[in-house]
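Observations on chain architecture
These are the residues of each chain, in order.
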Amino acid sequence: MKEVKMARPTNAKPPPLDSLIECFFSNPLPIYLTAALLRIVLLVYGLWQDANSPLKYTDIDYLVFTDAARFVSRGQSPYDRETYRYTPVLAWLLLPTARTTGDPFWDVVWFSSGKVLFAVADIVAGWLLVKVLTMAGAGKNAMDASTARKFAAIWLLNPMVATISTRGSSEGLLGVLVTALLWAVLARRVTLAGLLLGFGVHFKIYPFIYAPAIVWWMDAERMSTNPGTLEKKANEQQTPMGHLLSFITPERLRLALVSLTTFLGLNLVMFGIYGKPFLQHTFLHHVTRIDHRHNFSPYNTQLHLTSAFPSLSILRIESIAFLPQLLLSCILIPLVTAKKDLPTSMLAQTFAFVTFNKVCTSQYFLWYMIFLPLYLPDSSLLRHKARLGIPALALWVISQGLWLQQGYELEFLGRSTFLPGLWLASLGFFLVNCWILGLIAGDAQGR
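Within each chain, residues carry numbers counting from 1 in the order of the written sequence. Given that this is a predicted model, residues contribute local features only at a pLDDT of at least 70 and side-chain atom pairs are listed and counted only at 80 or more, while totals for whole chains, interfaces and linings are drawn from all residues. Side-chain descriptors were evaluated using all non-hydrogen atoms of the structure, hydrogens and water having been removed beforehand.

1. Some thoughts on the overall build of the chain
- Here a helix means four or more residues in a row that DSSP labels H or I, a strand means two or more in a row labelled E, and each is numbered from the N terminus. Helices and strands together make up the secondary structure of the chain, namely 25 helices and zero strands.
- The proportion of buried residues among the 447 residues of the chain is 46%.
- Look at the contacts in the chain between residues 6 or more apart in sequence, and 73% of them connect residues 24 or more apart.
- For the chain, the accessible surface area stands at approximately 22,700 Å², while carbon and sulfur atoms represent 68% of it. Between buried and exposed lies partly exposed: a residue is buried under 20% and exposed over 50% of the maximum accessible area for its type, with that area taken using a 1.4 Å probe on protein chains only. The criterion used for residue contact is that any of the two residues' heavy atoms lie within 4.5 Å. The Shrake-Rupley method, run with a 1.4 Å probe sphere, supplies the accessible areas, and residue values consider only the shown protein chains as cover.

Laid out in structure tokens, this is it:
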């Protein structure tokens, strides 16, 4: 008689968390599906909140965008909508939101199509981040796709990013433009980079700050494929005139020509269609803009006083506030950091531009957050998490929360918190951002 062996119970352990994470990022499908699902959930929740709560989920800017699109659909100017301060291209892109069918369900769907566009742009920007991370160049080695997707998740799975785009902010489109610009530069696609830079500056003014960094980065050593030509140029650079001539390379000239032609061409077309209101609202308005509400900027209180008592203002702070901002973001930072690490230089430039801007809202944070996945892998914030990384994040969140608490009392409870509460909170947040900016610039300079 055969002996029957009883099967011993196995204490099968579940796969460790590290294995699950590796499995999640080893294939591109899970992260992009999760990113899409996150945005779908927020879009649906936003519709519910808009229908059931006095505090609306949809950003006021989205109502401005869609109103402008409605004017365009009727053959009018988008600038007939008061406070529309953007390129007509944005209103054109949102024309489907103006469609009405008579069916409430489909009317809501069409009205929300702009939010869907912005959410899709978020995901495309994340895909481009993976493309950049897996490229060799810019002072660092190529990253494997799985690791690249982990860092891209900082953008793709970030609830702040997803919330801002699904509320109707167009920052996702800017994320695509800026990341595509960086990819084109690193891939040496000079003509494409010029087109993207020109269109980006037309779409939203601030990408012009990247031009100095890109031009400085595009030296003959990086752009030339002929070592003999480099040796000859090195011999010619012994005189000041030689240095000047060596700076004017065909690639730099082509970038300048293509970007300037694209920018001016688009502006001429828009001016031909919409006239002076286009120039005033898209560009000139931002020079003298006064916006004292929902504003993290240290200029907030001064701008509030200027708007309340314009005749008493001796120094027009709104017209000169851009001087330290541009000195840092367009000259000092790119000059010191661009050749060593272009993505980190662009992060530092954007961080400085937003921190020193006379108007600073939560949407602007996305302008620099798009670069975080490119900066963090070799950053001191990750190398020294306990000493730098966690304190930096905590201080950034806490100082922002203190400002929001003061802003909530002002906006919703009707308490005048401008002085000292809101002003001190703005200064605190500004100082924290200056410290973080120093860390980023120091990392770039040390590479």
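2. Concerning the pattern of salt bridges
- Should a side-chain nitrogen of Lys or Arg be within 4 Å of a carboxyl oxygen of Asp or Glu, the pair is scored as a salt bridge. Applying the stated criterion across every chain yields a total of nine salt bridges.
- Among the ionic pairs, Lys339 bridges to Asp219, the shortest N-O distance being 3.6 Å. Here the residue Lys339 occupies a position in the loop between α19 (322-337) and α20 (342-355), and Asp219 occupies one in the loop between α11 (210-217) and α12 (220-223), the gap between them amounting to 120 residues.
- Each of Asp67, Arg70 and Arg81 takes part in a single network of salt bridges with overlapping partners.

3. Description of the environment of Gly46
- Position of Gly46 among the secondary structure elements: in helix α2 (residues 28-52).
- Each C-alpha atom of the pair Gly46 and Lys56 lies 8.0 Å from the other, and the pair is 10 residues apart in sequence.

4. Let's talk about the nonpolar core
- Counting residues in hydrophobic clusters, the biggest one holds 108 residues, and the most contacted among them are Tyr84, Leu90, Trp155, Tyr210, Phe365 and Phe371.
- With 11 residues, the top contributor of residues to this core is helix α9 (residues 171-186). The term nonpolar core refers to a set of buried residues drawn from Ala, Val, Leu, Ile, Met, Phe, Trp, Tyr and Cys, joined through side-chain atoms within 4.5 Å.

5. Topic: unusual backbone geometry
- Here the residue pair Leu419 and Pro420 is connected by a cis peptide bond, since its omega of -5° sits within 30 degrees of zero.
- Among the secondary structure elements, Pro420 is positioned in helix α25 (residues 418-445).
- Notably, Thr83 is not glycine yet its phi reads approximately 75°, a positive angle.
- Here Thr83 shows up in the loop between α3 (60-73) and α4 (88-93).

6. Considering a nonpolar patch on the surface
- The residues that make up patches have over 30% relative accessible area and no salt bridge, and they are joined within 9 Å when like-charged or within 5 Å when they are Val, Leu, Ile, Met, Phe, Trp or Tyr. On the surface, Met241, Leu244, Leu245, Phe247, Ile248 and Leu253 cluster together into a nonpolar patch covering about 590 Å² of accessible area.
- Ranked by residue count, the leading element in the nonpolar patch is helix α14 (residues 240-247), at four residues.
- Along the chain, Leu244 turns up in helix α14.

7. Here we look at the packing of helix α8 (residues 159-166) against helix α21 (residues 362-369)
- Throughout, an axis means a line fitted to C-alpha atoms (over the contacting stretch in the case of helices), and angles, computed between N-to-C directions, take values from 0 to 180 degrees. At their nearest, the axes of α8 and α21 sit 10 Å apart, and the two run at 125° to each other. Judged by the angle between their axes, α8 and α21 are oblique. In this structure, α8 meets α21 at a crossing whose hand is left-handed. The residues of α21 that touch α8, namely those facing Met160, Val161 and Ile164, are Ser362, Gln363, Phe365, Leu366 and Met369.
- Amino acid classes used here: Ala, Val, Leu, Ile, Met, Phe, Trp, Tyr, Cys and Pro are nonpolar; Asp, Glu, Lys and Arg are charged; the rest, including Gly, are polar. Split into classes, the residues belonging to the contact of α8 with α21 amount to six nonpolar, two polar and no charged. Here is the rule for angles: anything less than 35 degrees is roughly parallel, anything more than 145 is roughly antiparallel, 65 through 115 is roughly perpendicular, and the remaining ranges are oblique. Note on convention: near helix rotated counterclockwise from far helix by under a right angle means a left-handed crossing. Clockwise means right-handed.

8. Focus on the environment of Leu129
- By the element assignment, Leu129 lies in helix α6 (residues 113-133).
- Classification of Leu129 by relative accessible area gives buried; the value is 0%.
- Along the sequence, Leu129 and Leu182 sit 53 residues apart, while their C-alpha atoms lie 9.5 Å from each other.
- The residues touching Leu129, leaving out its near neighbours within four places in the chain, are Ala152, Trp155, Thr179, Ile370, Pro373 and Leu374.

9. A look at the packing of aromatic side chains
- Two rings belonging to Phe, Tyr or Trp (six-membered ring only in the last case) form a pair when the distance between their centres is within 6.5 Å. Interplanar angles under 30 degrees mark stacking, angles over 60 mark edge-to-face geometry, and anything in between is tilted. Scanning all chains against the criterion turns up 30 aromatic pairs.
- Judged by centre distance (5.2 Å) and plane angle (45°), the ring pair of Phe296 and Phe429 falls under tilted. One end of the pair, Phe296, is in the loop between α16 (276-282) and α17 (300-308); the other, Phe429, is in helix α25, and 133 residues separate them in sequence. Phe429 carries the same exposure label as Phe296, and that label is buried.

10. Considerations on the side chain of Asp219
- For Asp219, a relative accessible area of 11% translates into the label buried.
- Look past the residues within four positions of Asp219 in its chain and what remains in contact with it is Arg252 and Lys339.

11. Description of α9
- Given the number of residues in a helix, its expected span is that number minus one, multiplied by 1.5 Å. Taking 1.5 Å as the rise per residue, α9 with 16 residues should run 22 Å; its terminal C-alpha atoms sit 23 Å apart, in good agreement.
- α9 sits mainly inside the fold: 15 of its 16 residues count as buried.
- The positive-phi residue at the C-terminal boundary of α9 is Arg188, with phi of around 65°.

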